[in-house]
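For reference, the chains in residue letters:
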Amino acid sequence: MTIDLKDRIALVTGASRGIGYFTALELAKAGAHVIACARTVGGLEELDDIIKAVGGSATLVPFDITDMAAIDKLGASIFERWGKLDILVANAGILGVISPIAHVEAKVFEKVMNTNVTSMWRLIRSLEPLLVKSDAGRALLLSSGVATNPRAFWGAYAMSKAAVETMGRIWAEEMAHTSLKINMVNPGATRTAMRAQAMPGEDPETLPHPSEIAEKILPLMSPSLTESGKLFVVRENRFVEYRLPE
């Protein structure tokens, strides 16, 4: 299935490595101009080089996702230059620590929540006015299987992703009267630095490469997409509905 995103503006956070990096590349291959955001300048520059090599274009925005004032400025800058935003891939996030809840340091817990949750709300606040100006705005919020299937010792990260999914569902309901479609994505275990941090004894070669995840989620940015407020499970390559507890 060929996805045509020519002349569309796409913003990807956490674009310097992993799923964010390869999603930005897939978007560029499909014709979108990519606004690539991350802390690591070197990773962004490498991404820019490969995007140019495939005939695409990008704007690099190096900043820390916890810099809330910078998120506000980002929205203003996009409005001044393009007047709209077609695609948001909110991918940036951190693991924190794998630890019993009672043993997580306060500063670690607060950093996870600030990075994974508060920054997401701030992105929504800054970028929603731009996304609704698109004729087919699309937003993807990256989540995790532990958001809906909590696991011992994954406390801070699991709680943050559960918050992200709830935030996305609320946002989707609020935008139901617009052309903006908002969905959450569970990529599953992937060959990334975060996964290696969480599971250091695991053989990374047994896991899908982040480029495979990026290829699977690219269709979710298509103007023809009709789903909203759902969870896309990459391993199953399908949307699933949220359900009340039974």
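It should be noted that the structure appears before, not after, this text.
A brief structural summary. (Residues numbered from 1 in each chain as written. Predicted model: local features only at pLDDT ≥ 70, side-chain atom pairs only at ≥ 80, totals over all residues. Heavy atoms only, no water.)

1. Overview of the side chain of Ser99
Alright, step 1. Among the secondary structure elements, Ser99 is positioned in the loop between β4 (87–90) and α4 (106–131).
Alright, step 2. Other than its neighbours up to four places away in sequence, Ser99 contacts Val104 and Phe153. (Helix = DSSP H or I, 4+ residues; strand = E, 2+ residues; numbered from the N terminus. Contact = heavy atoms within 4.5 Å.)

2. So, helix α3 (residues 68–81)
Alright, step 1. The end-to-end C-alpha distance of α3, which contains 14 residues, comes to 20 Å, matching closely the 20 Å that a straight helix rising 1.5 Å per residue would cover.
Alright, step 2. If you check which residues of α3 are buried, you get Met68, Ala70, Ile71, Leu74, Gly75 and Ile78. The buried residues of α3 all sit within an arc of 155° when viewed along its axis, so they share a single face. Turned more than 90 degrees from where α3 packs its buried face, Lys73 and Glu80 sit exposed.
Alright, step 3. Of the surrounding secondary structure, the elements contacted by the buried residues of α3 are β1 (9–13), β2 (33–38), β3 (57–62) and α4.
Alright, step 4. Positive backbone phi, approximately 75°, marks Gly83, located one or two places after α3. (Expected span 1.5 Å × (residues − 1). Buried < 20%, exposed > 50% of the residue type's maximum accessible area, 1.4 Å probe, protein only. Arc of directions from axis to C-beta.)

3. Observations regarding the sheet that holds strand β5 (residues 138–142)
Alright, step 1. The strand order across the open sheet built from 8 strands is β3-β2-β1-β4-β5-β6-β7-β8, with neighbouring strands paired in mixed fashion. Each edge of the open sheet carries a strand with a single partner, namely β3 and β8 (238–240). Pairwise comparison of adjacent strand axes, ignoring direction, gives a mean angle of 20° for this sheet. (Pairing = 2+ DSSP bridges. Axes fitted to C-alpha atoms, helices over the stretch in contact; angles between N-to-C directions.)

4. Remarks on α4
Alright, step 1. Taking 1.5 Å as the rise per residue, α4 with 26 residues should run 38 Å; its terminal C-alpha atoms sit 35 Å apart, in good agreement.
Alright, step 2. Its maximal kink placed at Asn114, α4 deviates by approximately 40°. (Bend = angle between axes of the 7 residues up to and from the residue.)

5. Considering the nonpolar core
Alright, step 1. Ranked by internal contacts, the top residues of the largest apolar core, which has 37 residues, are Leu11, Ile78, Leu85, Leu88, Leu127 and Trp171.
Alright, step 2. In terms of residue count, the dominant contributor to this core is α4 (8 residues).
Alright, step 3. Apart from the residues within four sequence positions on either side, Leu11 is in contact with Ile35, Cys37, Leu74, Ile78, Leu85, Ile87, Leu88, Val89 and Leu127.
Alright, step 4. Counting residues in hydrophobic clusters, the runner-up holds 33 residues, among them Leu5, Ala30, Leu44 and Leu220. (Core = buried A, V, L, I, M, F, W, Y, C linked by side-chain atoms within 4.5 Å.)

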